[in-house]
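Observations on chain architecture
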Amino acid sequence: MNNVLVYCELSEQNRIADISLELCTKGRQLATQLQGRLQAVVLGHKVEGLEKQLYLYGVDEVFMADDERLAPYRTLPHFELLSAVIKEQHPDIVLFGATSVGRDMSPRIASYLRCGLTADCTTLEIGSHTDAKTKQTYENILLQMRPAFGGNIVATIVSPETRPQMATVREGVMKKEVLDATYKGSLTRIATDGRLDKADKAVRIISREIKEQSINIKPASIIVAGGYGMGSKENFQLLHQLADAIGGEVGATRAAIDAGFTESERQIGQTGVTVRPKLYIACGISGAIQHTAGMEESGKIISINTDPNAPINSIADITIVGDAVAIVPQLIACYNNNLK
Amino acid sequence: MRIIVLAKQVPDTRNVGANAMNPNGTINRAALPTVFNPEDLKALEMALRVKNQMPNTTVTVITMGPPRAEEIIRDARNRGADDGFVLSDARFAGSDTLATSYALAQAIRSAGDFDLVFCGRQAIDGDTAQVGPQIAEKLGLPQITYAEALESVSEQEIVIRRRLEQGVETVCAALPVLVTVTSAAPDCRYPHAHRLLRFAKTPVEVRNADDVQPDFARLGLAGSPTKVKKVDNVVLAHKDNVHLEPTEDNLNEMMKNLINEHII
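Rules used throughout
- Residues numbered from 1 in each chain as written.
- Chains lettered and ligands numbered in written order.
- Predicted model: local features only at pLDDT ≥ 70, side-chain atom pairs only at ≥ 80, totals over all residues.
- Heavy atoms only, no water.
- Helix = DSSP H or I, 4+ residues; strand = E, 2+ residues; numbered from the N terminus.
- Rg over C-alpha atoms; globule rule 2.2 N^0.38 Å.
- Buried < 20%, exposed > 50% of the residue type's maximum accessible area, 1.4 Å probe, protein only.
- Contact = heavy atoms within 4.5 Å.
- Lys, Arg positive; Asp, Glu negative; His and termini not counted.
- Charge placed at Lys NZ, Arg CZ, Asp CG, Glu CD.
- Phe/Tyr/Trp six-rings, centres within 6.5 Å; stacked < 30°, edge-to-face > 60°.
- Buried area = accessible area lost by both parts, 1.4 Å probe.
- Salt bridge = Lys/Arg side-chain N within 4 Å of Asp/Glu carboxyl O.
- Polar contact = N/O pair within 3.5 Å; in protein donor to acceptor, adjacent residues only side chain to side chain.
- Core = buried A, V, L, I, M, F, W, Y, C linked by side-chain atoms within 4.5 Å.
- Pairing = 2+ DSSP bridges.
- Axes fitted to C-alpha atoms, helices over the stretch in contact; angles between N-to-C directions.
- Expected span 1.5 Å × (residues − 1).
- Domains from an automatic or database assignment.
- Disulfide = S-S within 2.5 Å.

1. Description of the overall build of chain A
Along the backbone of chain A there are nine helices and 16 strands. Over its C-alpha trace chain A gives a radius of gyration of 22 Å, about what one expects of a compact globule, namely 20 Å for 340 residues. Considering only C-alpha atoms, chain A reaches an extent of 70 × 55 × 40 Å along its principal axes. Counting over 340 residues, chain A shows a buried share of 60%. Counting contacts in chain A only where the partners sit at least 6 residues apart, residues at least 24 apart contribute 64% of the total. If you average the places of the 35 positive and of the 39 negative side-chain charges in chain A, the two averages end up 2 Å apart.

Following this line, the structure appears as structure tokens:
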């Protein structure tokens, strides 16, 4: 079957998570190209009605189980039901969020079904593949692109022989777009009677402390981002001063976060969030593909870097060769002057 | 109690040179310095903490890789592991995560009874976080991913705090169980000088594919459903960019324009 199936996650407020709606948007495109249906699986408690939200995104068929043992998420109860739906429906493609839930569930499913799974894809397309050795050509398979290894390459991964083809995608990488407010899908209820008893016993949740997200840089229209080149946590404060002055948020590269300069919620790139602000000021950022993958669609990019050959300069609109630690305070002063 | 720790010797991706990739898209491991995968070290620490609390516990470290990965076993022994072996065989070459998890699951089976398996959440050369849950599935074990702290342990069960995107969750699982440990967990203790001396001349056992009695069709490239179709060097789309000397006038002009264009 040419169907595409999305494993949906629920937010703490028991809504369909944004990542899952993003996957449905992408899944709709893929299913249309394959002339197949878009399917979604929703497992949780008190999830009645959530299917209507999914129809808006072009989901043809929602599989839903409602049971108190399915919320909050635990691996084995979800695995029990999801693996059965996939075995029964034989989708061509299954998509998961690259979240703590999706990254917990998808490898277990891949192992069970003995199929391929590609992590953290930034692009998914339908295309063909010819095996270099056997010369066999596979049509209409999933081409899974992901930046890999060290940051200067993008690998295209295929799983031509096995089904389903499975991929995970980070939140924010794909766009979320309502397809049609009148789209008609159908609902199939999954019975849980007797099926969760064993899975329910394996791991029990003693306590949960989930905070409302306190830092969320995704919607910011201006981002001042810093890399390892900022040198210290103290210097990173300069970025906060500039961001506060011009009404923006502070973002960071993985290297800067690994160095302890700022909070991990601010990470932009393949393993962080993807942003599309009007203005992106990159300070002391060299521009590895893992980072640029998360910001290259920004409206205007200003790069401040001591290295005139920093890769990020090639996607910048304005490049300033110099030390960001010295230049950022000047920018704040210039901004204040021009407001007067 | 018997604990298995899975560890990987990884290229140090923080120091990648130009010849890091082979033309066929696989990693040119010979060209890179190697390190003990950071989250695997944290997994070892969590195992050693269990050992500290539970008398008569043995910690066995298993690593899959080329023969020189014995450095991992030596390092782990010096830090407190009891024993371990390297799973090494050219027939594992080209394994993706599915084939790797199969080989490691067979290696664990070959090592005898166990109560706990600890491994890092992910390795820094792939960041996929797939092998741990895949091994759990193959061994029919429950899994606890994203572990950041050992809360308590007994002969029957373990209590683990998990680090999630927006908070923490504490879970209790009956043994045996597989636990993947995240970077938020405590750092590993240092090697002990006396252990270094004690184990200096103790050889590291190497097991090959035959030793773990696999279905050979599930190993290496043949057992790997994912294939690298191609690898592209990233050439960022060149924009017509303006170079600015960071003079006060230039910076002032730039900020003025941004304000006038209603960008800020």
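2. Concerning the overall build of chain B
Across its full length, chain B holds six helices and 13 strands. For chain B, the spread of C-alpha atoms along the three principal axes comes to 70 × 40 × 40 Å. When the 264 residues of chain B are sorted by exposure, 54% land in the buried category. The long-range share in chain B, meaning contacts at least 24 apart out of those at least 6 apart in sequence, stands at 71%.

3. Looking at the packing of aromatic side chains
Residues and elements named next belong to chain A. Overall, the coordinates contain four aromatic pairs over all chains when judged by the stated rule. Measuring from centroid to centroid gives 5.7 Å for Y7 and F96, while their planes differ by 50 degrees, and the two rings are tilted. One end of the pair, Y7, is in strand β1 (residues 4–7); the other, F96, is in strand β4 (residues 93–97), with 89 residues separating them in the sequence. Taken individually, Y7 and F96 each receive the classification buried, so the pair is uniform in this respect.

4. Looking at the interface of chain A and chain B
With 79 residues of chain A at the interface, the matching set in chain B holds 73 residues. Summed over both partners, the interface of chain A with chain B comes to about 6500 Å²; 57% of that surface belongs to carbon and sulfur atoms. At the junction of chain A and chain B, the tally comes to three salt bridges. Summed over the shared surface of chain A and chain B, the result is 34 residue pairs in polar contact (both at pLDDT 80 or more).

5. Notes on the nonpolar core
One finds B:I3, B:L44, B:V50, B:L116, B:F118 and B:I158 to be the most contacted residues of the largest nonpolar core, which totals 42 residues. With near-sequence residues (within four places) excluded, B:L44 lies in contact with B:V5, B:F36, B:V59, B:V61, B:A76, B:R79, B:A81 and B:C188.

6. As for the sheet that holds strand β6 (residues 116–120) of chain B
Consider a sheet: its strands pair through backbone hydrogen bonds, and that pairing is either parallel or antiparallel. Pairing within the open sheet is mixed, and its ten strands lie in the order β11(A)-β9(B)-β8(B)-β7(B)-β10(B)-β6(B)-β1(B)-β4(B)-β5(B)-β11(B). Every other strand in the sheet has two partners, leaving β11 (203–210) of chain A together with β11 (205–207) of chain B as the edge strands with one partner each. In this sheet, adjacent strand axes meet at a mean angle of 30 degrees when their direction is disregarded. Relative to β11(B), strand β5 (residues 83–87) of chain B is paired through three bridges, and the arrangement is parallel. Paired with B:F85 across the two strands is B:E205, which belongs to β11(B). Helix-sheet contacts for helix α3 (residues 97–110) of chain B involve β1 (2–7), β4 (58–64), β5, β6 and β11 of chain B, and the interaxial angle to β4(B) is about 145 degrees.

7. Some thoughts on the sheet that holds strand β2 (residues 38–44) of chain A
All names here are of chain A. Pairing is parallel in the open sheet, where seven strands are placed in the order β5-β9-β4-β1-β2-β3-β10. Looking along the sheet, the strands with just one partner apiece sit at the ends: β5 (117–118) and β10 (186–189). Direction of pairing for β1 relative to β4: parallel, over a ladder of three bridges. The residue bridging V6 from the neighbouring strand is L95, located in β4. Sitting on the sheet, helix α3 (residues 75–89) touches β1, β2, β3 (61–66) and β4, and the angle it makes with β2 is about 160 degrees. Packed on one face of the sheet, helix α4 (residues 102–113) meets β1, β4, β5 and β9 (165–169) and runs near 150 degrees to β4.

8. Considering α3(A)
Between its first and last C-alpha, α3(A) extends 21 Å over 15 residues, near the 21 Å set by a 1.5 Å rise per residue. For α3(A), the buried fraction is high: eleven of the 15 residues fall into the buried class.

9. Remarks on the domain arrangement of chain A
Residues and elements named next belong to chain A. Partitioning chain A into domains gives domain 1 (4–202) and domain 2 (222–339). The centre of domain 1, based on its C-alpha atoms, is set 33 Å off from the matching centre of domain 2. Each side of the interface is counted separately: domain 1 has 16 residues, and domain 2 has ten residues. Summed over both sides, the interface between domain 1 and domain 2 buries roughly 900 Å², with carbon and sulfur atoms accounting for 49% of that surface. One can count zero salt bridges joining domain 1 with domain 2. Applying the counting criterion to the domain 1 and domain 2 interface returns five residue pairs in polar contact (both at pLDDT 80 or more). Among the elements of the structure, β7 (137–148) and β8 (153–158) are those that each provide at least two residues to the side of domain 1 that touches domain 2.

10. Re the state of the cysteines
Counted by the stated rule, this structure contains zero disulfides over all chains. Summary of cysteine pairing: A:C115 is not part of a disulfide, and the nearest cysteine sulfur, belonging to A:C121, is at 13 Å. Note on A:C115: relative accessible area 1%, which makes it buried. Here B:C172 stays unpaired: no disulfide links it, and the sulfur of B:C119, its closest cysteine neighbor, is 19 Å away. Take B:C172: its relative accessible area is 4%, and that puts it in the buried class.

11. Structural notes on the environment of B:A107
Residue and element names in this part refer to chain B. Structurally, A107 can be placed in helix α3. As for A107 and V86, which are separated by 21 residues in sequence, their C-alpha atoms are 9.5 Å apart. Aside from chain neighbours lying at most four places away, what touches A107 is I62, F85, L87 and V212.

12. Some details on the pattern of salt bridges
Taken as a whole and judged by the stated rule, the model has 37 salt bridges over all chains. Among the ionic pairs, A:D92 bridges to A:R163, the shortest N-O distance being 2.8 Å. Of this pair, A:D92 sits in the loop between α3 and β4 while A:R163 sits in the loop between β8 and β9, and the two are 71 residues apart along the sequence. Among the salt bridges present, the one from B:D82 reaches B:K51, with a minimum N-O distance of 3.0 Å. With B:D82 in the loop between α2 (70–79) and β5 and B:K51 in helix α1 (residues 38–53), the pair connects residues that are 31 residues apart, well separated along the chain. Taking the relative accessible area as the measure of exposure, B:D82 reaches 29% and is therefore partly exposed. A cluster of three or more residues bridged by salt bridges with shared partners is formed by A:E12, A:R208, B:R162 and B:E169.

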